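Overview (structure and organization)
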Protein chains: 2
Amino acid sequence: MRGPNLEVVMSSSFHPPVRTLMGPGPSDVSPRVLAASARPTIGHLDPLFVGLMDDVKRLLQYAFQTSNELTIPLSAPGSAGMEAAFVNLLECGDKVIVCQNGVFGGRMKENVERCGATAAMVMDRWGDPVDPEKLEAAIKEHPDAKVVAFVHAETSTGVRSDAETLCRLAKDAGMLVIVDAVTSLVGIELKADEWGADVVYSGTQKCLSGLPGISPITFSDAAVSAISARTQKVQSWFLDMNLIMGYWGEGAKRSYHHTAPVNAVYAIHEALLMLEEEGLEASIARHKANHLKLAAGLSKLGLELAVDEAWRLPQLNAVRIPEGVDDATVRSRLLNEFDLEVGAGLGELAGKQWRIGLMGSSSNDVNINRCLSALEAVLGS
Amino acid sequence: MRGPNLEVVMSSSFHPPVRTLMGPGPSDVSPRVLAASARPTIGHLDPLFVGLMDDVKRLLQYAFQTSNELTIPLSAPGSAGMEAAFVNLLECGDKVIVCQNGVFGGRMKENVERCGATAAMVMDRWGDPVDPEKLEAAIKEHPDAKVVAFVHAETSTGVRSDAETLCRLAKDAGMLVIVDAVTSLVGIELKADEWGADVVYSGTQKCLSGLPGISPITFSDAAVSAISARTQKVQSWFLDMNLIMGYWGEGAKRSYHHTAPVNAVYAIHEALLMLEEEGLEASIARHKANHLKLAAGLSKLGLELAVDEAWRLPQLNAVRIPEGVDDATVRSRLLNEFDLEVGAGLGELAGKQWRIGLMGSSSNDVNINRCLSALEAVLGS
């Protein structure tokens, strides 16, 4: 073993190139959001910051389409949002019906089991949506399940599932519903209250185009009641909503829990303001229209989308890698010659698909043209 | 219940004032760090970002004075760093000796218990350091304990404990040691390898003066072995070092775990470069010298430091609130009239003490003079 690193080696400041981010996230961050994030740091208990927190909560309610009081930006990435959903709702011995049709449903199962709960799995093929009939059958088979969990927009496959129907099936059976909206939020329709979702979490680095690192999350009154009625403590101190409510709660004196990532909250606030200015419906329409443009262009290049038209995510396009084309070479050339990032396939789709993101600030004409011409150049040469 | 928040209310961009941050953190963030954080976001799997990660690891090794391979900036605040230490080292049924002399020792106990482990407490008065003789007695009483945990610099009281001696006692007994260095890192001497600490975690918003939200953490080879030898899965998926090692590991293909907070990593990198330029010893000497200046000035104003001279933290000065002075009024006037934040007392010290931070970029002459003159004005009027 070498000795401790006591020496001064001196490297220099990091100056990243300007990449075009068309992978599964992070998406392009607007200069307006970057500028907001670089404003002077103030204290996390400063009354001005507390005011900002209230505005962020209001804007997140708009994004989630909810009146849930407990709607906050969690101080960690989307995978911590997922964990917060499960550790707060579940106690040891509980049963959860988990729908899996890609990587992130599998991660849900991991989370359930690490809570000492059991997961009854509803399995669908990677690339297909969650089948509501299978969920219905699972609910009949497991009437004792406390929670149903599924991924609205599977980031690993580019597939949308019918969240409205899945939520309804769970609610009709009196079960709580956890919805992973990491990639769906503000990119496709999502109505937390109308659909009856109890916990919905997302990430800032997808269709919101805030800085990566924060997980917006919302809890329904029924979810809050379930958390308050727990007999066991939440196994994570950091993610215990009973404690976090004391910091993000309405009106009352905010009590210290942890130091909020102040500048990241500036960034998400600015990104949410941009959403408010554009309007949620307009944002969703833009994602749809740009997806159609990209799809038409890909088709002209002879490239095929992997997902059935009815279930394609406009913000994340799964493209079949043509026979004889080397995945890594193409992505590496796109990055090095065109400063363009597209996503690799994940899990069992590695080497078989690319994932081309048109999320948030990345969803625009310039990016579509850049991507199509770069692909044409690389695949044609 | 009002309906979902569907309306557009339109607020405006947040423009914080320039505060002088002399509380328990966040500390002043240098314009250089803010500028770095606002550089264009690139992908978290981009080869250039992977290179940056390597440099951040190297610089963190310098800050911690360690050669530990597993030395990374965790993608969440210091309290998640604490949780990562406990959930990775502990399995259900383990015993931990926790030394408590303030708020954060109590938080350690919470973490231990939420892991299904038991905490044998070594209690000292708030405002005193951890007593090594009490730890020695506890080790004799609990030879079956797996871990000893303590806080190097208690942020709630401004007290340093003798980390070197406490580590030695634990190592001599063959126990692993967890050291909370949230407030100590680069503000006072800390030698992870020489002292034999197994897990040391910190925060970016204290003496490093990076942006708040990240927790630098390091694991010794013995800690990594203990994690690898676990028979139970780590209860937190997000904080499972077995998985995180796959993303931050050396050389090999980085595997996706979660999306790193890219811009926050830019910020911590720049803050660490500034540390390297100044030099670790010079940073520690600056914190010491500025503490002495502040202490002399406070004494002239008739204000007393609450902690015995031998155990005072130079970076966090606990000041007794004089009889008849209203805590909240003074802090509110300092903030509103002087844009100066000082910290309130925490827990049982609320209303009895202020905590005046001289951490990282906040530790400078201008701030000391500003603080002393503001205190003089407010207390004298």
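Residues numbered from 1 in each chain as written. Chains lettered and ligands numbered in written order. Predicted model: local features only at pLDDT ≥ 70, side-chain atom pairs only at ≥ 80, totals over all residues.

Before going further, it helps to spend a moment on the overall build of chain A. Counting its regular elements, chain A contains 13 helices and 13 strands. Relative to the globule expectation of 21 Å for 381 residues, the C-alpha radius of gyration of chain A, 21 Å, shows essentially globular dimensions. Here the contacts in chain A between residues at least 6 apart in sequence split such that 72% fall between residues at least 24 apart. (Helix = DSSP H or I, 4+ residues; strand = E, 2+ residues; numbered from the N terminus. Rg over C-alpha atoms; globule rule 2.2 N^0.38 Å. Contact = placed C-beta atoms within 7 Å.)

Attention now moves to the relation of the copies chain B and chain A. For these two chains of identical sequence, chain B goes onto chain A by a turn of 180 degrees and a shift of 0.0 Å along the axis, with RMSD 0.0 Å. This pairing of chains is accounted for by a two-fold axis. The residues that chain B uses at the interface reappear at the interface of chain A in 100% of cases, marking a shared surface. (Least-squares fit on C-alpha atoms with pLDDT ≥ 70 in both.)

Residues and elements named next belong to chain A. Backbone torsion omega between Gly25 and Pro26 reads 5 degrees, so that peptide bond is classified as cis. If you trace the backbone, Pro26 turns up in the loop between β1 (20–22) and α1 (31–37). The backbone of Gln65 sits at a positive phi, close to 55 degrees, despite the residue not being glycine. Among the structural elements, Gln65 can be located in the loop between α2 (47–64) and β2 (70–74).

Residues and elements named next belong to chain B. Judged by pairing direction, the sheet is mixed, and its seven strands sit side by side in the order β2-β10-β9-β8-β5-β3-β4 without closing on themselves. In this open sheet, the two edge strands, each paired with only one partner strand, are β2 (70–74) and β4 (118–123). Strand-to-strand twist in this sheet, taken as the mean axis angle between neighbours without regard to direction, amounts to 15 degrees. When strand β9 (residues 199–201) meets strand β10 (residues 215–219), the two strands line up antiparallel, connected through three bridges. If you follow Val200 over to β10, its bridge partner there is Thr218. (Pairing = 2+ DSSP bridges. Axes fitted to C-alpha atoms, helices over the stretch in contact; angles between N-to-C directions.)

All names here are of chain A. When the domains of chain A are assigned, the result is domain 1 (20–26 + 280–380) and domain 2 (31–276). Taken residue by residue, the interface counts 25 residues in domain 1 and 26 residues in domain 2. For the side of domain 1 that touches domain 2, the secondary structure elements donating two or more residues are α11 (280–300) and β11 (316–320). It is α11 that provides the largest number of residues to the side of domain 1 that touches domain 2, a total of four residues. Per-class residue counts for the side of domain 1 that touches domain 2 are 14 nonpolar, eight polar and three charged. (Domains from an automatic or database assignment. Nonpolar A, V, L, I, M, F, W, Y, C, P; charged D, E, K, R; others polar.)

Here we take up the interface of chain B and chain A. Each side of the interface is counted separately: chain B has 79 residues, and chain A has 79 residues. Broken down by element, the side of chain B that touches chain A gets its largest block of residues, eight residues, from helix α10 (residues 262–278) of chain B. Counted by class, the side of chain B that touches chain A contains 36 nonpolar, 28 polar and 15 charged residues.

Residues and elements named next belong to chain A. Among the five residues of strand β12 (residues 340–344), four are classified as buried, and the element is accordingly described as predominantly covered. Inspection of the sheet shows β1 paired to β12 by three bridges, in the parallel sense. Each residue of the ladder has a partner; that of Leu21, found in β12, is Glu341. Relative to strand β13 (residues 353–357), β12 is paired through two bridges, and the arrangement is antiparallel. Considered in β13, the bridge of Ala344 is made with Trp354. (Buried ≥ 20, exposed ≤ 12 C-beta atoms within 10 Å, placed from the backbone.)

With respect to the helices, strands and loops of the structure, Asp365(A) is situated in helix α13 (residues 365–380). Remark: the alpha-carbon pair of Asp365(A) and Leu294(A), spanning 71 residues in sequence, is separated by 9.0 Å.

Helix-helix packing is described using two parameters, namely the angle between the two axes and the distance between the axes. Residues and elements named next belong to chain A. Where helix α5 (residues 132–141) contacts helix α6 (residues 163–172), the two axes come as close as 10 Å, and the packing angle between them is 10 degrees. Relative to α6, the element α5 is oriented roughly parallel. In this structure, the crossing between α5 and α6 has a hand that is right-handed. Of α6, the residues touching α5 (which contributes Pro132, Leu135, Glu136 and Ile139) are Thr165, Leu166 and Leu169. The residue inventory of the contact of α5 with α6, partitioned by class, reads five nonpolar, one polar and one charged. (Parallel < 35°, antiparallel > 145°, perpendicular 65-115°, else oblique. Left-handed = near helix turned anticlockwise from the far one by under 90°.)

Attention now moves to helix α12 (residues 327–338) of chain A. Helix length check: α12(A), at twelve residues, gives a terminal C-alpha distance of 16 Å against a target of 16 Å (1.5 Å per residue), a fit within 8%. Following α12(A) by one or two positions, Asp339(A) adopts a phi angle in the positive range, close to 50 degrees. (Expected span 1.5 Å × (residues − 1).)

This part takes up the environment of Ser381(A). Residues and elements named next belong to chain A. The topology assignment puts Ser381 in the segment after α13. Under the C-beta neighbour-count criterion, Ser381 is labelled exposed, with 7 such atoms within 10 Å. With 38 residues separating them in the primary sequence, Ser381 and Gly343 have C-alpha atoms 21 Å apart.

All names here are of chain B. Strand order in the open sheet made by the four strands is β1-β12-β13-β11, with mixed pairing throughout. Bordering the open sheet on either side are β1 (20–22) and β11 (316–320), each of which pairs with just one other strand. Each neighbouring strand pair of the sheet contributes to a mean axis angle of 30 degrees, computed without reference to strand direction. Here helix α13 (residues 365–380) sits on the sheet in contact with β1, β12 (340–344) and β13 (353–357), set at roughly 85 degrees to β1.

On to helix α5 (residues 132–141) of chain B, then. Residue and element names in this part refer to chain B. Looking only at α5, the buried set comprises Leu135, Ala138 and Ile139. Viewed end-on, α5 has its buried residues packed into an arc of 100 degrees, placing them on one side of the element. The exposed set on the far side of α5, more than 90 degrees from its buried face, consists of Glu133, Ala137, Lys140 and Glu141. (Arc of directions from axis to C-beta.)

For the rest of this paragraph, the subject is the pairing of strand β5 (residues 147–151) of chain A. Burial analysis of β5(A) places five of its five residues in the buried class, the great majority of the element. With burial as the criterion, each face of β5(A) is covered, one bearing Val147(A), Ala149(A) and Val151(A) and the other bearing Val148(A) and Phe150(A).

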